[in-house]
Amino acid sequence: MTRFLTAAVLFALVAAPLPAATAAQAAPAARKVACGAKGASPHKSRGQEKQYGRKVIIAKATAVCAGNRPVSKLVIDTKLQKKTRGTWRNATRNRPQPYTPVKLGKKYVAWTHYTKCQKGTYRIMFRVSGKVDGKMRYGNWGAGDPRKNPCD
């Protein structure tokens, strides 16, 4: 069973109800809008394996926005990290994935860049940001659950 860790960014002083199980909150502003994101554990990608002819590791994050103000742009940032000598280091660069226009209540999915399969412990780092009333609001980075040797 996959466990999700959730991060959220609030675009309101008084937040609208967030999607289920949100944990982290940031970026208060003047309107009632909130976007929450969940990061899934890294795994071996079958689709990428067929496309590139080799085993690779990816992870995904999903985001949903709720509230009573429109979000004109949603950006989900994702990257993979690998634990090396007790420290998390980036295994891929950041991959920002923008969505325009944004429908409140709709789920949006973003994937990390991939890295080739190799032994180690990996996790996803993710962040959700949104544009409300012409101003971009940035959320805090959240970390997904680590997974050891995702290609095994």
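The structure this text deals with has already been given above.
Just so you know, these numbers come straight off a predicted model, no measurement behind them. (Residues numbered from 1 in each chain as written. Predicted model: local features only at pLDDT ≥ 70, side-chain atom pairs only at ≥ 80, totals over all residues. Heavy atoms only, no water.)

**Q** How would you summarise the overall build of the chain if you had to cite specific residues and measurements?
**A** Counting secondary structure elements, the chain contains one helix and 14 strands. In the chain, which comprises 152 residues, the share counted as buried stands at 43%. Nonlocal contacts in the chain, meaning residues at least 24 apart in sequence, comprise 60% of its contacts between residues at least 6 apart. Surface summary for the chain: the accessible area is close to 8,300 Å², and the carbon and sulfur share equals 49%. (Helix = DSSP H or I, 4+ residues; strand = E, 2+ residues; numbered from the N terminus. Buried < 20%, exposed > 50% of the residue type's maximum accessible area, 1.4 Å probe, protein only. Contact = heavy atoms within 4.5 Å. Areas by Shrake-Rupley, 256 points an atom, 1.4 Å probe, with all protein chains shown as cover.)

**Q** Tell me about the side chain of Asp77, and please be specific about residues and values.
**A** As for its position among the elements, Asp77 is in strand β6 (residues 71-84). Given a relative accessible area of 4%, Asp77 falls into the buried group. Separated by 3.0 Å, the side chains of Asp77 and Asn94 make a polar contact. Setting aside its immediate chain neighbours within four residues, Asp77 contacts Asn94, Arg95, Pro96, Met125, Phe126, Arg127, Ser129 and Trp141. (Polar contact = N/O pair within 3.5 Å; in protein donor to acceptor, adjacent residues only side chain to side chain.)

**Q** With reference to specific residues and values, describe the packing of aromatic side chains.
**A** For any pair of aromatic rings, geometry is given as the distance between the ring centres together with the angle between the planes. A full pass over the atoms with the stated rule returns one aromatic pair. Measuring from centroid to centroid gives 5.1 Å for Tyr99 and Tyr108, while their planes differ by 45 degrees, and the two rings are tilted. Its end group placed over the ring of Trp141, Lys79 keeps NZ or CZ at 4.6 Å from the ring centre. (Phe/Tyr/Trp six-rings, centres within 6.5 Å; stacked < 30°, edge-to-face > 60°. Lys NZ or Arg CZ within 6 Å of the ring centre and 35° of its normal.)

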